[in-house]
Amino acid sequence: MKLVSNWPEAKQYTRQQRWRQLQHHQPIDVVVIGGGITGAAIFRELARYGVKVALFEQGDFASGTSSRSSKLIHGGLRYLGKGQLSLAIQSIRARQWLKQQLPGFVKPLHFMVPHYQGNFPGQHSFDLLIKIYDRLARESHSGSLCTHQVLARQPLLNWQGLQGGSIFTDCISDDARLVMRLITEAEADGGIALNYAKVEAIQQSNRGVTLAVRNQITHQCTSLAVKTVANAVGVWINGDDYQQPSLYQIRPLRGSHLLIPGWRLPMSGAISFFHPEDRRPIFILPWQGATVIGTTDVDHNSPLAADISITPNEIDYLLAACNQVLPNLQLTRDDVQASWSGVRPVLAGKEKQAPSALSREHVIWRQGAIVNITGGKLTTFKLIAEQTLALLKEVISLPTSLINSQWFRQINRQPLLPFTQLSFTEQQRLYGTYGAWLSLWRLQNKQSLQVFAPSPTLYAELEWILQQEQVVHLDDLLLRRTRIGLLCPLGGRQWFSELKPLCCQWLGWNEVKWQAEADRYLTIWQQAYSLPELLTKAA
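Residues numbered from 1 in each chain as written. Predicted model: local features only at pLDDT ≥ 70, side-chain atom pairs only at ≥ 80, totals over all residues. Heavy atoms only, no water.

J.: Looking at this model, I keep getting lost on the packing of aromatic side chains. Mind explaining?
T.: Aromatic ring pairs are defined here through the distance separating the ring centres and the angle between the ring planes. For the structure shown, the criterion picks out 15 aromatic pairs. Ring centres of Trp97 and Phe408 lie 5.9 Å apart, and the angle between their planes is 40°; on these two criteria the pair is classed as tilted. With Trp97 in helix H4 (residues 85-101) and Phe408 in the loop between helix H9 (381-392) and helix H10 (424-434), this pair connects stretches of sequence that are 311 residues apart. Given a relative accessible area of 0%, Phe408 falls into the buried group. Measuring from ring centre to ring centre gives 5.0 Å for Tyr434 and Trp441, while their planes differ by 65°; the resulting arrangement is edge-to-face. Here Trp441 falls in the buried class, since its relative accessible area comes to 8%. Through a chain of ring-to-ring contacts, three or more aromatic side chains come together here, namely Trp97, Phe381, Trp407 and Phe408. Looking at Lys71, its charged tip hangs above the ring of Trp340, at a distance of 4.7 Å from the centre. (Phe/Tyr/Trp six-rings, centres within 6.5 Å; stacked < 30°, edge-to-face > 60°. Helix = DSSP H or I, 4+ residues; strand = E, 2+ residues; numbered from the N terminus. Buried < 20%, exposed > 50% of the residue type's maximum accessible area, 1.4 Å probe, protein only. Lys NZ or Arg CZ within 6 Å of the ring centre and 35° of its normal.)

J.: Which parts of the structure should I look at to understand the packing of H4 against helix H5 (residues 123-137)?
T.: Packed helix pairs are characterised by how far apart their axes lie and by the angle those axes make with each other. Relative orientation of the contacting elements H4 and H5 amounts to 55°, with a least axis distance of 9 Å. It follows that H4 is oblique to H5 by the angle criterion. Seen along the crossing, H4 lies across H5 with a hand that is right-handed. Contact residues: H4 offers Leu85, Ile89, Ile92, Arg95 and Gln96, while H5 offers Tyr133, Leu136 and Ala137. Across the contact of H4 with H5, the residue classes break down as six nonpolar, one polar and one charged. (Axes fitted to C-alpha atoms, helices over the stretch in contact; angles between N-to-C directions. Parallel < 35°, antiparallel > 145°, perpendicular 65-115°, else oblique. Left-handed = near helix turned anticlockwise from the far one by under 90°. Contact = heavy atoms within 4.5 Å. Nonpolar A, V, L, I, M, F, W, Y, C, P; charged D, E, K, R; others polar.)

Below is the structure:
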């Protein structure tokens, strides 16, 4: 299979090479600001048309909201229940498309909803809602369960007052890896993406837009004159960095999650239920061999620049919900292996509206030659990108024909014989995560197809990521390119001795650099991905 690639034969294509290409060899027509799911999708859509496009992210790719979501690709059953039919239909169609495009990476996940006496909505009403949900998706994965069937599926469930249950299906994935798949596909079609590249100033004129961009690793600055800008900074849209006042007010809402080891909270499928305190929907779901409890929905009033972390009240809130529905487990903070919190860019509604009552719709508007995008959700990134492109066409003439009709390159799987040693599930995950890039992998030895520590990550993945995916810091590798930092106890520090030679080999680190990165990573993990109780254990 022939690939259009900026790194033929898997030669390392570094940040420095991208930066030099940007400065000296590559004229740019459109700049995308923001390396989350929205920015990555717009970047991908522009590259499909052969537009000369660059993407800049001030931190690491997906380091904000897009690596800290609930990992769900869902159709929005809650939106349907609130009468937000348009948003539900958009989400369902997007979910179905992603499931078809990336099988094994976007995977169906069955949810069970237990119904208890006196709770609203009752089982009959809920069953009717999920039948409509299935009808919109043109499939049937829903059903109604009696009490015995519910307890057969989850024997640890609270049986007092239990009257039955309902089942429906959504999907689950890895948000940060989805962002990287979009970015690498766009770069293969000629786009340039740089992490740790901050747009410090934007100035509009009759000729277009001039941007000042700083490489935050080398501290080099460059000035770019482009035709238009897609500003996809999400929850940061209200900031004044670019002197571009927002037409829409964003209400930052924090969603926090707890990760429990799979052996302590085993789940074959997901459970969804209403929190006994405020009737907000809560879920408990399996993810990459562990179990996730989520999510909160509270106003985030702290600075966005700081690493977002879970609060003690949120920890208690999530544990109380889990212990209410699974009382025999009696989970405590000692059972929590990791946590993460993300801030959602939610459009502000009426002042007294509860956070969970606010709309998850997105907005796109143009200010001169700058198109701004905010709001929305992980599932609908393709729709947001297509609508953004429609507004960009008002500013510049875009090519009328695609240079690549595919969002995700597919690959003939038969010739990739080494991967047949893996299970079918693992093969599907790799094909969905990396796609056609798997044909460029060079498997060095027998260890290449072994998993690293208690995580799904293969040693071959680590080598590829370190060579090709702009890893700058250790947290880029352990918290976003892989989930080793979440899935391994104490952030994975026990496996540093195995990670060190890989990082030194592929990133050129020496002893001093490794130690600085290890210290930096542990500080970030302790502040934003653990609980206060875990700090003592890690010391």
